[in-house]
Amino acid sequence: MTEITEVPSPFCGIGTDDLAIHIDGVSLKVTANGCAVNSPAFEQPITDTAPQINGQAVSLAAAVDKAAELLRNTQQPLIGGCATDVNGMRALLALADKSGAVVDNINFTAARRNLLAMQDSGWMNTTLAELKNRCDVLLVIGCDPEGFAPRFFERYLWNNDAMFLDNTGNREVIFLGKAPSGNASTSPTGKAASVFPCSDADLPDVVAVLSALIRKQPLHAQSVGGIAVSDLQAIADKLKAAQYGVVCWGAAALAYDHAELTVQAICNIVKDINLQGSRCSGFPLGGREGDQTANQVCGWTTGYPARVNFAKGYPEYDPFLFDSLAMLTNGEADALVWVQAFNINSKPPKTDLPTIVIGRSGMSFDKEPDVFIPVGTPGIDHPGHAYRLDNVVAIRLKKLRDSGLPSTAEVLHAIEQAL
Amino acid sequence: MLIKLTGGTVYDPASGIDGLQQDIFIQDGRIVEAPTDGRPVDKEYDLRGKVVMSGAIDMHTHIGGGKGNIARTLLPEDHRMDPVPRTQITRSGNGHAMPSTYVAGYRYAEMGYTACFEPAVLPINARQAHMEMGDTPIVDKGGYVMLGSDDFLLRMLTANKDQKAINDYVAWTLNAAKGIGIKVVNAGGINAFKFNQRKLDLDEKNSHYDVTPRQILQTLARAVKELGITHPLHVHGCNLGVPGNVDTTLNTIQGVEGLPMHLTHIQFHSYGTEGDFKFSSGAAQIAEAINNNKNITADVGQILFGQTVTASGDNMRQHANHRFASPNKWVCMDIECDAGCGVVPFKYRDQNFVNALQWAIGLEIFLLVEDPWRIFLTTDHPNGAPFTSYPHLIRLLMDRSFRNDMLATIHPEAQKMTTLASIDREYTFNEIAIMTRAGAARIIGLKDRGALSAGNFADITVYTENADRQAMFTKPDYVFKDGELVVQDGQVVKVTWGTTHIVKPDYDLSIEKDLKPYFDKYLTMKLGNFKISDDEISEDGRGSLTAHPLRGAA
């Protein structure tokens, strides 16, 4: 039995790296600084270690050969999931390049709301350490940070010491839209967040009014989405008066059509405040289990974020056409590779197409895929790199145990070589 | 395998050879003396009539790191115009302003370049820089690690920590982030922007720390010198792009008190305020200052007309310049109490007065600085223009009539504001070889690169002489990387993986006694998880590290 400390997590997205983990053979137990996201993800037991063809155990070489055979004469394979570490994504993109596949990250449709806004007008954003040391006013729009990452507030708002704040407990936290799911946003001194709830359907209007108030546009309305305009005016005033205001949103939580316009409005609020002479930054909340890693590695390898098609022999980007679920539904694909090294509950979409799953050991299926190769988890079974949600910091993942499971990169590289 | 390059006209300024017909022998990746033991030549290339130089070295090019990936993501329309299909040996990708990493490596090699240095490695983003450079084939690479707006350094300066402690911190950071030099970007300005300062002059204080850019530059330049780091402090000055910044730049040169200092993309820092448009060339003054101060080196950061994207750590200035964004979209980030970045697409236009004069100012600086060992050919890729425009730039420098033809096409008021037409100088092959090879290797501190004498690594580029210098430098006949033929007739024929060049200055480990509680209290990562280990570079089986000697060492 050994204990490893300062363990970084690829699961929560916020780069938690103070976990202590007891290791007993291949069993892991988080003994310090766990949370509802990280602890189960680390402690998930290994089940299958043998690759399978149609549910029957085979050698890794046989599974790799079968996968290559299934991909060999395809016209439009899909590689979905794309939830792995940097080296896994590197190998995934090499395989996609060779096989002419679509690469589509599992959460791209949510990330698209941010990317469309970013690629249309840009943004001004910040990262976790700036939040931790500078932010005196945090406006959370339409999302639930503690539901996303349980230790978000503890680590980055209620830290004891901040370089540029006398008392972190005096930070002002404001929720607009969704109310928080718990009490993590209440400061250790008991200061609770202000909450201005509205339905998701009203968020576009509420954000538009806030935007107008920031720009000092005259408004006739007295309330919007059940929120008094005077309350929104007070929020606008607080953001402008802040030493370092931060506006947080979560693309995944904005689950309505054309939510990219809400994201764009939020980003423009931040820009406007900066143009008016105060500092303010945006903070997109999103990107766990390899989402940012997929977009980053795909970004430097192809020039585009992780929804690209290599069918023409070079990468093409289309955030709508290359939606792998839509392509499956429309009969536009002829094979599916599902790559998910982090989460056993994230299973491939239902399809009759030949299916190859490169999945975390422990994954089970309603219908056995043609090929299932259980792989190790980055940060548990092998070292690796994973991006945090703020997209700047790549954390170095540690190997915690000897499970003998291959890495995603090893398996995908072997399939690529066998093609 | 013994390779013989027979009868080429060799330009090897590091050995004092200026256009001499010579044979070159290659064995085991290195250049060797002509064999005297009669062992047979395995492969011979007849280079009679051809020009032979060592592989070119780009000492300042943004090829790896987060801001580059933001630039890529921001501009899908720019990639769509330049798709690069996969081949039997090369990966697919996309090109133009900020190409994908594979395409960047291939295109550099196809232009005869064999090493590239990323000049803005944020310590907290260094992993990404190394991972991107790790996916950049063929060329060697390395990075300059950014300091100067990080809160730890500014806290040290406010606390009047002694130079020795600063040196330890600088050396610790350089080791942790695996760089070959130290860069400072708008000294203290990126930090000041976080406190809502929108400009910061050389002697203006950071409102929180009470520290000036001049202090930061002096302290870091001294640290670099005392640690024995060969590459001088690599300085992106204050007031980038601001009319009148020529005075800031001249003050910066004087202010460093004779310490070695490299002023990067100096074109963007050489602007006066004369004329009807209150924008004029400060090139003559800057060139004079460089000529008179032997401690100063510079690269130009030439702009060339067309669409590009600017990606900089200087978010203070990038935010101010966002109103020129074309297309109108831009990104600024504050980053991890470490630094920041700003990404602003630009379209430089020859019929825009300011852009036209920027073009002329860059060329004036190239032509007025007398010592080619102290001026370097860059466009600050992609900020002034994509690196793929280097052959065009070389033609502008080597061909006065071509240059004057181009000059005649730019904004007429800009033509009146430049002395370019009166400058007769044309760069020679030898001077180009100094600026892009021997001088670059020397200023970066690369041992056994940038030269063609026996013992050097066999990074060699062979051109067919052509009066059209642009055509000549666009498509080398052969490029050898570490002795292997990687490019023939301007096409990649073999994909290899270059090394990562670093330095490892010594430091007192007790600096971690101060750093550890700082990381624990204020940063978001444990100290131990911050430091990049050697195996992170090499574990993919392609990467490697090459540590270079410090000054004074053997």
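If you're wondering where the values come from, they're calculated on a predicted model, not measured in any experiment.

Criteria and thresholds
Residues numbered from 1 in each chain as written. Chains lettered and ligands numbered in written order. Predicted model: local features only at pLDDT ≥ 70, side-chain atom pairs only at ≥ 80, totals over all residues. Helix = DSSP H or I, 4+ residues; strand = E, 2+ residues; numbered from the N terminus. Rg over C-alpha atoms; globule rule 2.2 N^0.38 Å. Contact = placed C-beta atoms within 7 Å. Buried ≥ 20, exposed ≤ 12 C-beta atoms within 10 Å, placed from the backbone. Axes fitted to C-alpha atoms, helices over the stretch in contact; angles between N-to-C directions. Parallel < 35°, antiparallel > 145°, perpendicular 65-115°, else oblique. Left-handed = near helix turned anticlockwise from the far one by under 90°. Nonpolar A, V, L, I, M, F, W, Y, C, P; charged D, E, K, R; others polar. Pairing = 2+ DSSP bridges. Core = buried A, V, L, I, M, F, W, Y, C linked by C-beta atoms within 7 Å. Domains from an automatic or database assignment. UniProt positions renumbered as here; feature names shortened; annotations may be inferred. Expected span 1.5 Å × (residues − 1). Arc of directions from axis to C-beta. pLDDT = per-residue confidence, 0-100.

### Considering the overall build of chain A
Each helix and strand counted, chain A has 13 helices and 22 strands in total. In terms of C-alpha radius of gyration, chain A reaches 23 Å, essentially the compact-globule figure of 22 Å for 419 residues. Taking the principal axes of its C-alpha atoms as reference, chain A extends roughly 65 × 50 × 35 Å. When contacts within chain A are restricted to residue pairs at least 6 apart in sequence, long-range pairs at least 24 apart make up 66% of them.

### Points about the overall build of chain B
Tallying secondary structure elements over chain B gives 20 helices and 26 strands in all. A globule of 554 residues ought to have a C-alpha radius of gyration of about 24 Å, and chain B, at 22 Å, matches this closely. Seen through its principal axes, chain B has C-alpha atoms that stretch 70 × 60 × 45 Å. Here chain B holds 554 residues, and 61% of them are scored as buried. Counted over contacts in chain B with a minimum sequence separation of 6, partners at least 24 positions apart contribute 75%.

### Considering the packing of helix α3 (residues 86–99) of chain A against helix α11 (residues 291–302) of chain A
Residues and elements named next belong to chain A. At their nearest, the axes of α3 and α11 sit 9 Å apart, and the two run at 50° to each other. As the angle between them shows, α3 and α11 are arranged oblique. Handedness of the α3/α11 crossing: right-handed. Residues V86, M89, R90 and L93 of α3 touch α11, and the partners they reach there are T293, A294, V297, C298 and T301. Here the residues of the contact of α3 with α11 are counted per class, giving six nonpolar, two polar and one charged.

### Considering the sheet that holds strand β19 (residues 355–360) of chain A
Residues and elements named next belong to chain A. The nine strands are arranged β5-β4-β20-β19-β18-β6-β7-β16-β17 in an open sheet whose pairing can be described as mixed. Of all strands in the sheet, those bounded by a partner on one side alone are β5 (56–57) and β17 (316–317). Bridge count for strand β6 (residues 77–83) against strand β7 (residues 102–105) is four bridges, and the pairing is parallel. Bridging across to β7, G80 finds its partner in D104. On top of the sheet, α3 reaches β6, β7 and β18 (335–340); it is set at about 170° to β6, its chief contact.

### Focus: the nonpolar core
Generally speaking, nonpolar side chains in soluble globular proteins are found buried as a group. Counting 309 residues, the largest nonpolar core has L92(A), V103(A), L139(A), V247(A), C248(A) and L220(B) as the members making the most contacts within it. Of the domains in this structure, domain 1 (46–107 + 289–418) and domain 2 (111–284) of chain A are the two that each give at least three residues to this core. Not counting the four nearest positions on each side in its chain, V103(A) is found in contact with I79(A), C82(A), L92(A), L93(A), A96(A), C298(A), A306(A) and V308(A).

### Some remarks on the packing of helix α6 (residues 163–177) of chain B against helix α8 (residues 213–227) of chain B
All names here are of chain B. Axis separation between α6 and α8 bottoms out at 9 Å; the angle between their running directions is 75°. With respect to α8, the axis of α6 lies roughly perpendicular. In this structure, α6 uses Q163, I166, N167, V170 and A171 to contact α8, whose residues at the interface are T219, L220, R222, A223, E226 and L227. The residue inventory of the contact of α6 with α8, partitioned by class, reads six nonpolar, three polar and two charged.

### Let's talk about the UniProt feature "domain: Amidohydrolase" (unreviewed entry) in chain B
Under the present numbering, the feature "domain: Amidohydrolase" (unreviewed entry) in UniProt falls on residues 44–492 of chain B. The distance from the first to the last C-alpha atom of residues 44–492 of chain B is 19 Å, and the span holds 37% helix and 21% strand.

### Looking at the domain arrangement of chain A
Residue and element names in this part refer to chain A. Split into domains, chain A comes out as domain 1 (46–107 + 289–418) and domain 2 (111–284). Distance between the C-alpha centres of domain 1 and domain 2: 34 Å. Taken together, the contact between domain 1 and domain 2 spans eight residues of the former and seven residues of the latter. Classifying every residue of the side of domain 1 that touches domain 2 by side-chain character gives four nonpolar, two polar and two charged.

### Details of the interface of chain B and chain A
Contacts between the two partners involve 48 residues from chain B and, on the opposite side, 50 residues from chain A. Looking at which element gives the most residues to the side of chain B that touches chain A, the answer is strand β18 (residues 330–335) of chain B, with six residues. Its residues assigned to classes, the side of chain B that touches chain A shows 17 nonpolar, 16 polar and 15 charged.

### Observations regarding the sheet that holds strand β3 (residues 27–32) of chain A
Residues and elements named next belong to chain A. Ordered by their spatial adjacency, three strands build an open sheet running β1-β2-β3, and the pairing between neighbours is antiparallel. Whereas interior strands pair on both sides, the edge strands pair on one side only; in this sheet they are β1 (2–7) and β3. Strand-to-strand twist of the sheet, defined as the mean angle between neighbouring strand axes without regard to direction, takes the value 30°. By the bridge criterion, four bridges tie β1 to strand β2 (residues 19–24) in an arrangement that is antiparallel. Looking at β2, one finds that T2 is bridged to I23.

### Some points on helix α8 (residues 203–214) of chain A
All names here are of chain A. Relative to the 16 Å expected for 12 residues at 1.5 Å per residue, α8 spans 16 Å between its end C-alpha atoms, a close match to the ideal helical length. Those residues of α8 that sit buried are L203, V206, V207, V209, L210, L213 and I214. Projection of α8 onto a plane perpendicular to its axis shows the buried side chains occupying an angular sector of 160°, all on one side. Those residues of α8 that are buried lie in contact with β9 (137–141), β10 (172–177), β12 (223–224), β13 (227–228), α9 (229–241) and α10 (259–275).

### Some words on unusual backbone geometry
With omega at -5°, the peptide bond leading from S326(B) into P327(B) counts as cis. In this structure, P327(B) sits in the loop between α11 (315–321) and β18. In this model, H381(B) is joined to P382(B) through a cis peptide bond whose omega is 0°. If you trace the backbone, P382(B) turns up in the loop between β20 (375–376) and α13 (390–398). Even without a glycine there, the phi angle at C82(A) is positive, about 55°. Relative to the helices and strands, C82(A) is located in strand β6. Phi angles above zero are rare outside glycine, and E257(B) is one such case at about 55°.

### As for the pairing of strand β21 (residues 460–464) of chain B
Residue and element names in this part refer to chain B. Within β21, four of the five residues are buried, leaving the element largely enclosed by the surrounding structure. Judged from the five bridges that link them, strand β5 (residues 50–54) and β21 form a sheet pairing that is antiparallel. Across the sheet, the residue bridging to K50 is T464, located in β21. With three bridges joining them, β21 and strand β22 (residues 478–481) adopt antiparallel strand pairing. Bridge pairing in β22 links V462 to Y478.

### As for the confidence of the model for chain B
For chain B, the mean per-residue pLDDT works out to 97, and 100% of the residues sit at or above 70. Here the prediction assigns the complex a pTM of 0.98, and the interface score ipTM is 0.97.

### Observations regarding helix α10 (residues 283–292) of chain B
Residues and elements named next belong to chain B. Within α10 the residues assigned to the buried category are A283, I286, A287, A289 and I290. Mapping the buried residues of α10 onto a view down its axis gives an arc of 160°, with all of them on the same face. On the buried face of α10, the contacting elements are α9 (245–255), β15 (280–281), β16 (296–299) and α12 (353–368).

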